[in-house]
Structure formats: C-alpha cells, structure tokens
Amino acid sequence: MMKYYSTRGDKTALSSAEAIKKGIADDGGLYMPESIPSLTLEEVESLIDKTYSERAFYVLSKFLDDYDSETLKKICEVSYNEERFGKEAAPVVKLQSGMSVLELWHGPTCAFKDMALQIMPRLLSSALVMTGEDKTALILVATSGDTGKAALEGYRDVDGVKILVFYPEKGVSGIQKLQMASQEGNNVGVVAIHGNFDDAQTGVKKIFSSDGIRAKLLEKNTFLSSANSINWGRLAPQIVYYVSAYCDMVKQGTIKLGDKIDVTVPTGNFGDIFAAYIAKKMGLPLDRLVCASNKNKILSDFFETGVYDRRRDFFTTTSPSMDILISSNLERLLWAASDCETVKGLMAELSEKGVYTITPELLARLKADFSGGWCSEEDCAATIKEVFESDKYVIDPHTAVAVKCAKEAQGENKMLVVSTASAYKFAPAVLKALAGKEEKEEFDSISSLSTLTNTTAPTPLATLKDKKVRFTDTCDKEDMPEKVLKF
Ligand SMILES: *Cc1c(COP(=O)(O)O)cnc(C)c1O
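Cut-offs used in this document
Residues numbered from 1 in each chain as written. Predicted model: local features only at pLDDT ≥ 70, side-chain atom pairs only at ≥ 80, totals over all residues. Heavy atoms only, no water. Helix = DSSP H or I, 4+ residues; strand = E, 2+ residues; numbered from the N terminus. Rg over C-alpha atoms; globule rule 2.2 N^0.38 Å. Buried < 20%, exposed > 50% of the residue type's maximum accessible area, 1.4 Å probe, protein only. Contact = heavy atoms within 4.5 Å. Areas by Shrake-Rupley, 256 points an atom, 1.4 Å probe, with all protein chains shown as cover. Lys, Arg positive; Asp, Glu negative; His and termini not counted. Charge placed at Lys NZ, Arg CZ, Asp CG, Glu CD. Near = heavy atom within 4 Å. Polar contact = N/O pair within 3.5 Å; in protein donor to acceptor, adjacent residues only side chain to side chain. Expected span 1.5 Å × (residues − 1). Arc of directions from axis to C-beta. Phe/Tyr/Trp six-rings, centres within 6.5 Å; stacked < 30°, edge-to-face > 60°. Disulfide = S-S within 2.5 Å. Pairing = 2+ DSSP bridges. Axes fitted to C-alpha atoms, helices over the stretch in contact; angles between N-to-C directions.

Participant: How do you make sense of the overall build of the protein when you look at a structure like this?
Facilitator: Scanning the protein from terminus to terminus reveals 23 helices and 15 strands. For 487 residues, the compact-globule formula gives about 23 Å, and the C-alpha radius of gyration of the protein, at 21 Å, lands near that figure. Counting only residues that meet the buried cut, the protein has 56% of its 487 residues in that class. Within the protein, contacts between residues separated by at least 24 positions form 74% of all contacts whose residues are at least 6 apart in sequence. For the protein, the accessible surface area stands at approximately 19600 Å², while carbon and sulfur atoms represent 48% of it. Each charge class in the protein was averaged separately, 59 positive and 69 negative side chains, and the resulting centres sit 1 Å apart.

Participant: Teacher, can you tell me more about the site of the ligand here?
Facilitator: Around the ligand sit 15 residues in total, of which K113, G268, N269, D272 and T420 are the nearest. Separating an oxygen atom of the ligand from a side-chain N or O atom of D146 is a distance of 3.3 Å. Measuring from a nitrogen atom of the ligand, one finds a side-chain N or O atom of T420 at 2.8 Å. Alone, the ligand offers 380 Å² of accessible surface; in the complex the protein occludes 96% of this.

Participant: Sorry, what's going on with the environment of S351 here?
Facilitator: Relative to the helices and strands, S351 resides in helix 16 (residues 340-353). For S351, a relative accessible area of 61% gives the class exposed. Considered as a pair, S351 and R310 are 41 residues apart in the sequence and their alpha carbons are 9.9 Å apart.

Participant: Would you mind going over helix 18 (residues 377-391) with me for this structure?
Facilitator: At 3.6 residues per turn, the α-helix brings residues three or four places apart onto the same side. Taking 1.5 Å as the rise per residue, helix 18 with 15 residues should run 21 Å; its terminal C-alpha atoms sit 21 Å apart, in good agreement. Every buried residue belonging to helix 18 is among C380, T383, I384, V387 and F388, and all of these are buried. Looking straight down helix 18, one finds its buried side chains confined to an arc of 125 degrees; they lie on one side. Away from the buried face of helix 18 by more than 90 degrees, exposed residues E378 and E389 are located. On its buried face, helix 18 is in contact with helix 19 (397-409), helix 20 (427-435) and helix 21 (444-453). K392 occupies a position one or two residues after helix 18 and carries a positive phi of about 55 degrees.

Participant: Looking at this structure, I do not really get the packing of aromatic side chains. What am I missing?
Facilitator: Think of a pair of aromatic rings as described by two things: how far the centres are apart, and how the planes are tilted against each other in angle. Scanning the model with the defined rule gives 14 aromatic pairs in all. Each ring, one from Y241 and one from Y242, has its centre 5.1 Å from the other, and the planes form 45 degrees; the classification is tilted. This pair shows no difference in class: Y241 is buried, exactly as Y242 is. A centroid spacing of 5.3 Å and a plane angle of 10 degrees characterise the contact between F303 and F370, whose relative ring orientation is stacked. Of this pair, F303 sits in helix 14 (residues 298-305) while F370 sits in strand 13 (residues 370-374), and the two are 67 residues apart along the sequence.

Participant: Got a minute to help me understand the state of the cysteines in this structure?
Facilitator: Disulfides are covalent bonds that link the sulfur atoms of two cysteine residues. One pass over the full model with this rule turns up zero disulfides. You can see C76 has no disulfide; the closest cysteine sulfur is in C247, sitting 15 Å from it. A relative accessible area of 0% places C76 in the buried class. No disulfide involves C291; its sulfur sits 8.6 Å from that of C405, the nearest cysteine.

Participant: Is there a simple way to explain the sheet that holds strand 8 (residues 222-226) in this structure?
Facilitator: Remark on secondary structure: sheet strands pair via backbone hydrogen bonds, oriented parallel or antiparallel. Taken in spatial order, the five strands line up as 8-5-6-7-15 in an open sheet, and their pairing is parallel. In the strand order of this sheet, the two ends are held by strand 8 and strand 15 (474-476), each with one partner. For this sheet the average axis-to-axis angle between neighbouring strands, irrespective of direction, equals 30 degrees. Here three bridges tie strand 7 (residues 188-194) to strand 15, and the two strands are oriented parallel to one another. Each residue of the ladder has a partner; that of I193, found in strand 15, is C475. The sheet strands contacting helix 10 (residues 197-208) are strand 5 (136-142), strand 6 (161-168), strand 7 and strand 8, and the helix crosses strand 5 at an angle near 150 degrees.

So, in structure tokens, the structure goes:
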C-alpha cells in the first residue's frame, strides 16, 4: 500500500484515506506519497479512447490504492458525469497560433476548482467509512470567492459531512456572492463576515486551533476538517487532467504519442502546476512547466532568483484567484527536490522573516522543470482582445495571464495552456477588455458579453440572477465560533 508522509519530517506513515481525512500533518507539513508511481507510454496509449472518468479511475488508482477498486470507480463516474460536467469534463481546444487550451471550467461553478472539489468530498466520505469514523466531519471554509462556491457545490448532500463557508461581506463580486447565497443542499451554510478576507481566514484558523471549540463539537459527535488546496485529496485529482489532455492532443493529431509538450499554468497556490509536475515525474512526456503569475509575481521572481520574498506590496488584479503571496503547495516541490530538513528550515524562515533563499544547486534543480513568467494588467486585457480577434475565442483573465506567458515561453514543443475559469465568471473584466465598456449592474455584463461575442453563458451563470437567495446571515468576526457551534 502507498504510504504518505509529511514534508517536514514527521515519521508517521498514513494511507491515502487517512491523509485525505487529516488534511495537514501535525508538524504543519503537507502529505506526499513516498514514491511517484510510473505511467508508461503504453498505459497512456491505452487511455486514449477512454472517457474522462475512466482516465481518472486509472490514474487515481495508482495513488489511492487503499480505496476499494469498485468504490473508486463509482466515485469517478458520479463525480465527472455529464450532469455535472457536460459531455466532456476537460476538453482541449486548438487555437490559430498552434497552442492547445485545456478547458477546466465545465463543472458546476465554472472554474477549475470543480475538477477536484467535485470528487474530493466523495473521497473524504469514503475515507470516513474506511477509517471507521463515526463522527460527522464539519468542513470550515474561509473564501475570497471561488473556493467557497466550489466547495459548497462539492460537499452538498454528501454523507457524513457538513459544510460552513465564511466570506467577507464586501470582498467578493456580486456574481460570487449570489452563487454562494443561493446554494442548495441540506448540509450547507453560508455566513458573510463584517470584515475582509484576512478576518475570515484568521477567524477560521482560530477555530481550528481552539481546543475549547473542538471539545464542544465533539460532544455533538462532530470534528473539524478542511477543504483547502493543501489536502492531498485536492491535488491527486488534478494530475488526471494532464494525462487526459495529453491523450486528447494525440487523438486530435496535434502530437504523436511520445512527443514532448510544454505546459503553462496560471498559478496562485501552486496546486494546479504541481499536479503537472507529478504527471511529468510519472512519465507523461511533459517538458517545460511554465508557472504564470499576474502582477503579484512572487513566483516568477522566485524561479528567477531563488529568493522567495513575501515582504512586498499586494495587488488586487482582474485575476483575483492568483492574488496570493503564500503559495502553500510550493512546499511540496521544495520537498520533492530536496529533503524534509531543508523544507522545515525554509518554512520556518518564511514564517519568521517573510523571506527565504534556496541554494543555487536547488534552484538549478527546479529550473530543470520550471520556468516563471508574469503578465501585467494591461497585457492581460490586451491578450483577451487578441485571442478573441484571432480565434473568436473568449478567455477569462486568469487564462489570459497564462496565454501571454505561454507566448513568451513558446519553443519547439507544442504548448498546452491551462484555462482555469469561464470568461463569464469574470464577465465585467472581459467585457471591459473586449469593448472598453462597463455595465452598471454586474449581472448585465453576462448578457452583454454574450451578445458581443456571440457565445452562450454557461447555464449556472446565466440562470444565477433568478436563483432564490437562501442565506443572508452576517456576523462580526468575533462571533464566528458561535456560528460554528450553532450550525
Ligand atoms: C484557484 C485558481 C487558480 C490558481 O490555482 P492554484 O492551484 O492555486 O495555483 C487559477 N485560476 C483560477 C480561476 C482559480 O480559481
């Protein structure tokens, strides 16, 4: 059975189900499998004519080998079925420029978080059964927008689990707010905080570390769990779509089996691109991994200099899901390219001084796989326009950041660009980039974008305006524990 260990040296070995249930190790480290299973070209070939859920089952079986095979297969089937993701869960589209675009936004909330958050709740629910857990898991989420909705949608009506989401009352877009407030399901709750995202995040962290609250929840036969992107249950499903995209590129005749491709990923917390790195280490023919940042270019600086320095200004951009100064999953890469002691030291420096520097040798090792790139707000808007003019193809600002960086990194290999959100999810910014106009009402930009580009908004966003609001609860940050205990 595959064993999972903390990146910071804790010697406790866990099964994948235990790692998914636990989320983060006691020493603060993240879980990683003891070795990366291999994927041969013959295996890749055998997946070419398979559906997305069959590909998912095949790849996940290698990592989640403690799960019963039939159960895992069923989980993959329901998570990626047509009702949730449409005909194709992760289609690859080819642009005039020769780039291929991997669309990861066909799930229920129209952003790539669905790729993992549709399946992870079911993996957790099974993990609870497998580990003989009789308590209910209460998932607490602090969100700046996208994750909250994707988690609500993923965990709704899942057995043995409840979910409560806190978001900053004034810190999310009108579309995001209504997406959450109208959430359906019998095990969900949504509360707006009087404060900003940091207040929500700090409040949730305090609750997680409060023994008093834990004890009170235990009396109600409940324990706390987290849905955030450092959980292995979110990372593993992301490996699948790189394998799937490669299969589709062969199928479409863009490449021959065995040809190397480069991949560009719009990056925030480093989870998405780290999954590409694992796929590469398994044996998938990926060459350069281009880590694309927006104006918050801490990662692009890091790959250039080897210095990770968060002591810098934070910018709010049109690609908010990448507005991040602490990319948690980078820890996994540092671990994979060095060792636990190094990781422990670097993470301590980051939390004490806000900066760390890796050795030239380690930087050289990272650079063998990764390049960094970044894109300004102006270039992001210009790229949205350019791609629409050349291809009549509408991309969102996160994807535009990646397209821009991909163009700069383009070499001899074919390039795959990861598209992480539907343009309609960020309709106001896209409309502004394309037509230079802004609607007074955020929702009007959805229909304006549709008219302007002659494309159709995804149903979940097009119908959002008429959805019934179920949650109007608000509270001060001090009252968050009370909300949790009453939920
Ligand atoms: C979360 C997110 C990202 C960043 O992905 P990471 O795994 O955090 O690097 C990029 N684009 C969109 C639309 C997202 O929601």
